[in-house]
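Observations on chain architecture
The chain contents come next:
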Amino acid sequence: MANEFKLPTLGEDVQSGTITKVLVSPGDSVSADQPVLELETDKAVLEVPSTVSGTVEEIRAQEGQTISVGDTVFLYTGGGEGDGGKAAAAAAPAAQEEEQKEEASASGQKEQQPAPSSKEETKDEAKEDAKQAKEPPARKDARSKAEAPPAASAQDKDNGSERKAAPRRSGPVPAPPSVRRLAREIGVDIHEVPGSGPQGRISAEDVKSYARQVNTDVRGMGSAGRAAPLISLPDFSRWGDTERSTLGSVRRRTAENMSVAWTAPMVTQFDKVDVTELEKLRKRYGKQVEAAGGKLTVTAMIVKVLGAALKKFPQFNSSLDMDNDELIYKRYYNVGVAVDTDRGLLVPVLRDVDTKSITEICVELSGIAARARERKLSLEEMQGGTFTVSNLGGIGGTGFTPIVNAPEVAILGIARASVEPVYQEDGRFEPRTMLPLALTYDHRVIDGADGARFVRFVADVLEQPFLLFLEA
Amino acid sequence: MTEQARTRVAIIGGGPGGYAAAFMANDLGLDVTLIDVEKNPGGVCLYRGCIPSKAFLHVARILTEAREAAYWGIAFDEPKVDLNRLRESKDEVVKRMTGGLGQLCKSRKIKYIQGRASFEDSRTLSIIHDDGATERLETDYTILATGSRPTPLSELFLESPRMMDSTAALQMEDIPRNLLVVGGGYIGLELGTVYAAMGSKVTIVEKESTLLPGADPDLVEVLHKRLEPFVERILLNTSVASIKEARGGLAVTLEGKEAENKPAQFDRVLVCIGRRPNSSGVGLKNTRVSLTDGGLVEVDAQRRTKDPYIYAIGDLTGEPMLAHKASHEGRVAAESIAGQRTAFEPNAIPAVVFTDPEVAWCGLMEKEAEAKGIEVKVARFPWAASGRAATLNRPEGLTKLITDPDTEQILGVGIAGTGAGELISEGVLAVEMGATAYDVGFTIHPHPTLGETIMETADLIFGHAAHVHQSRPEPREAAGKE
């Protein structure tokens, strides 16, 4: 009898992810700990190891599909549990298995195709997603829950009618005019509101709690960068051809985080650092660092300086807890470094930068950036940051206003250094290499003067590295 | 050009839509100018429609009830009608009501201009007074509420004092011996009822296969049955082929299955074949307001036209062309101008035909449900089972509820019977509140009243009415179940 291998728990934060690759096919034999799926979660791509061993009978997971912990990945025969902890499959009652087998045979044809490279499949999926994107927000909010388990999902595609949430009501909603007015005024479509009363009657309280839920979902984590229901998109195809592409999880997460971050009142403080001397040092010791396995970069040197700066200005290393009227100071100094990857922006974190040498930081940074680009970062490597650096100098630009990576309270942006004529005290202009810095901070926590002092301190240390020893 | 003034909101037309909009806008703190050709607000409703016709229908009812008192053993002499006094008292009613509105405008400090307004551009009105003087008014917003007028019998147009539209019929110059009413809609039936009660021999022709086309047949049937002995003839599927002036009357040839080929003679012909919107002559070409083929003004849910500075309400925006719909739209337009999030989205607009008996309905009706393929559960309560109807000797009535078969939510209510126009308000309330049949069935109604029929109809949805027995198809489920 076929058993099910269900997506196991992969870490505290991972509830679901998008399957980027299925690594096994029907007929393959799998053993415990053998990677069977590549799963893209919020910020990392993980390899999912099998917890069972046996022969794969049928794949229930498809590339591009969102899968949650507990969803079936494949059916297998023989072997047994690789480790005792994953009892879910064994515990499934026989009746349920019967049912699922039926389902499997009903939709088996389609799923027999090993998904990975089938373009057809991906296109279907994209269409499906586009369809979903057109659905009203309420229904999408339920997405993670409503997203059908694999078998059902294949059927959905066939009959298309299986969307989980209740269909939009037609005809008069069972709500009095006063409640309909309330909904209109706060921008809620009364047709979307579930009624708690007899026969689905909608009360004012139902409208309010629905609005709260939608707001939480939009503002918070539940659903990605989705517009509040009051923002309706025009039909862009009126003005020309368009194409809908599903948001990847990284883009979606970025959109969410940026929306949250944007709610903080932020100020950006600009400064310029004379890095002429620093550049000389960088060139002089570059080889030495390279020999150690890293690359001596301005970013790495700035990360080092930030270790000292964050100690000197602890509020830049804090987070705001409005609910408890508290400011949380962190006694560790972990600097996130924004990395541009083909999937979007990732921010791996360098830990305890205050205790590390510049060489150590360089080596670590080289490694972590490479892993980010290869999608090999673990979730842990992207958590626990207390401050972020974003260097766009490699691309260009004279300055920009970074957005704080909430719940951090400040971020340092680095633009491209350029040689400028700088007026000297003896009346001459001298060509100096000037590096533009932009510090954005959460003004709820940090005042303007401190912002200026902080960025000036960073600049001073970069100009006079010896200060680092005086201060630290 | 004597002077140039400014106003926040100008309202063209002082009917029930226009003055409701004016009062609402005024309540919301906006500076309002109301413009109408009459001395006081009122519009067709007060001057030439609802109010005068209802005064006459009241009189018709007195006459009918006096005659029908014979059933109880009470006999009156044939009444004498003093037409002058009748017109006078009707005019007094109209004057009292319109004068009251004029007074309300004054006490609310709403500027009232008697004149005819048209657009020079979206935000400039030119107003011509009776004496020919013009003034110009700059506006931020204008609410267009110019209403509608009776549709004439175009091809058969005949310049004759014997040809009447509803306006002329309400002048009641005389009681014609023979009256032909062209059009079996609500206006024709109401005015036909009045003239029949006064003693005219009334013939009603309707080109559709039923009176009140659009209303549910079971409701119409109640009225039709009662009208038949009351009027001379009711000819359905019939239209007017020709009208000619003849000695001492009009010679009318009708065509249709039931019509004779030879012309019949009538003292007067009353044409009530609908109303058309007053959307021309207002200078709309100088604005961005757009019209449908039928001349209706296109509006959105806020009653805003395609021109962002101009709103339109009432008969101009289409069916149902009813005063209470116009008033509600007027309030919505005023709220929208005041910046509120508002919309005209009633679940039910009541329609009342003030004949004897009255026919009234609201919300989703069976005919519409059928046309749209909406599944409904309908319960009917015949008034023969109503004690109150029996005491009035008016057992012909019918009350029905149209409900959602799954939730028993009341979607529509129809009533044919005496007093239906007053009774329907409960139905509108039920539909607007999203009440279920259970809600209404468990609302105690006073006994003995005609209103009870609504409660009993609700009970019928569950097969529980006290005064009607029906075999129970299914056991009743616990009420209020989820």
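Residues numbered from 1 in each chain as written. Chains lettered and ligands numbered in written order. Predicted model: local features only at pLDDT ≥ 70, side-chain atom pairs only at ≥ 80, totals over all residues. Heavy atoms only, no water.

Let's talk about unusual backbone geometry
Residues and elements named next belong to chain B.
- In this structure, the amide linkage connecting E319 to the following residue, P320, adopts the cis form with an omega of -10°.
- Structurally, P320 can be placed in the loop between β17 (310-312) and α8 (323-337).
- Of note, the amide linkage connecting D356 to P357 takes the cis form, showing an omega dihedral of 5°.
- Position of P357 relative to the elements: it lies in the loop between β18 (351-353) and β19 (358-363).
- Within the chain, R303 stands out as a residue other than glycine whose phi angle is a positive 70°.
- With respect to the helices and strands, R303 occurs in the loop between β16 (275-277) and β17. (Helix = DSSP H or I, 4+ residues; strand = E, 2+ residues; numbered from the N terminus.)

Structural notes on the pairing of strand β9 (residues 178-182) of chain B
Residue and element names in this part refer to chain B.
- Here β9 lies mainly inside the structure; four of its five residues are buried.
- As defined by bridge partners, β9 adjoins strand β10 (residues 201-205) across five bridges and the pair is classed as parallel. Within the sheet, the bridge partner assigned to L180 lies in β10 and is T203.
- In this fold, β9 hands off to helix α6 (residues 186-198), which returns the chain to β10; that crossover is right-handed.
- As paired strands, β9 and strand β15 (residues 268-271) are joined by four bridges and run parallel to one another. Bridge pairing in β15 links L180 to V269. (Buried < 20%, exposed > 50% of the residue type's maximum accessible area, 1.4 Å probe, protein only. Pairing = 2+ DSSP bridges. Right-handed = clockwise from strand over helix to strand, strands pointing away.)

What about the interface of chain A and chain B?
- Contacts between the two partners involve 18 residues from chain A and, on the opposite side, 21 residues from chain B.
- In total, chain A and chain B occlude about 1,600 Å² of area from one another, counting both sides; carbon and sulfur atoms represent 40% of this.
- It is P172, R184 and Q199 of chain A in chain A that bury the most area against chain B; as a group they hold 42% of the surface buried on that side.
- Put simply, chain A and chain B have four salt bridges between them.
- When the shortest N-O distance is used, the salt bridge between R180 of chain A and E432 of chain B registers 2.7 Å.
- At the surface where chain A touches chain B, the tally comes to nine residue pairs in polar contact (both at pLDDT 80 or more).
- Looking at the side of chain A that touches chain B, its residues break down into nine nonpolar, four polar and five charged. (Contact = heavy atoms within 4.5 Å. Buried area = accessible area lost by both parts, 1.4 Å probe. Salt bridge = Lys/Arg side-chain N within 4 Å of Asp/Glu carboxyl O. Polar contact = N/O pair within 3.5 Å; in protein donor to acceptor, adjacent residues only side chain to side chain. Nonpolar A, V, L, I, M, F, W, Y, C, P; charged D, E, K, R; others polar.)

Here we look at the sheet that holds strand β12 (residues 238-246) of chain B
Residues and elements named next belong to chain B.
- One open sheet accounts for three strands, arranged β12-β13-β14; its pairing is antiparallel. Of all strands in the sheet, those with a lone pairing partner are β12 and β14 (264-266), marking the two edges. For this sheet, the mean inter-axis angle between neighbouring strands, taken without regard to orientation, is 35°.
- In this structure, strand β13 (residues 249-256) lies alongside β14, joined through three bridges in antiparallel fashion. (Axes fitted to C-alpha atoms, helices over the stretch in contact; angles between N-to-C directions.)

Topic: the confidence of the model for chain B
- Mean pLDDT over chain B stands at 93; residues scoring 70 or higher make up 96%.
- Note on residues 476-482 of chain B: pLDDT is under 50 here. Beyond four places in sequence and across chains, it has ten contacts. (pLDDT = per-residue confidence, 0-100.)

Thoughts on the packing of helix α1 (residues 16-27) of chain B against α8 of chain B
Residue and element names in this part refer to chain B.
- Orientation of α1 relative to α8, taken along the N-to-C sense of each, is 30°, at an axis distance of 7 Å. Judged on the interaxial angle alone, α8 and α1 are roughly parallel. Relative to α8, α1 is oriented so that their crossing is right-handed. Two secondary-structure elements touch here, α1 through P16, G17, A20, A21, M24 and A25 and α8 through A323, A326, S327, G330, R331, A334 and E335.
- Each residue belonging to the contact of α1 with α8 can be placed in one class, and the counts come to eight nonpolar, three polar and two charged. (Parallel < 35°, antiparallel > 145°, perpendicular 65-115°, else oblique. Left-handed = near helix turned anticlockwise from the far one by under 90°.)

Here we look at the pattern of salt bridges
Residue and element names in this part refer to chain B.
- Within the structure shown, the criterion is met by 56 salt bridges over all chains.
- The salt bridge involving K54 is made with E190; its shortest N-O contact spans 2.8 Å. On the criterion of sequence distance, the pair formed by K54 in helix α3 (residues 50-68) and E190 in helix α6 is long-range, its members being 136 residues apart.
- Among the residues examined, E190 registers a relative accessible area of 4% and is labelled buried.

Some words on the pairing of strand β18 (residues 418-423) of chain A
Residue and element names in this part refer to chain A.
- Taking burial as the measure, the six residues of β18 include zero buried ones, a minor fraction of the element.
- Pairing of β18 with strand β19 (residues 429-442), which is carried by six bridges, proceeds in the antiparallel orientation. Pairing of P421 across the sheet is with P431, part of β19.
- Counting the residues between successive antiparallel strands, the hairpin from β18 to β19 contains five residues, one of them, G427, with a positive phi of roughly 95°.

Things to note about the sheet that holds β19 of chain B
Residue and element names in this part refer to chain B.
- The strand order across the open sheet formed by five strands is β18-β19-β22-β21-β20, and the pairing between neighbours is antiparallel. Strands at the two margins of the open sheet, each flanked by one partner only, are β18 and β20 (377-382). With direction set aside, neighbouring strand axes in the sheet form an average angle of 10°.
- Lying over the sheet, helix α13 (residues 452-461) contacts β20, β21 (398-403) and β22 (410-417), oriented at roughly 135° with respect to β20.

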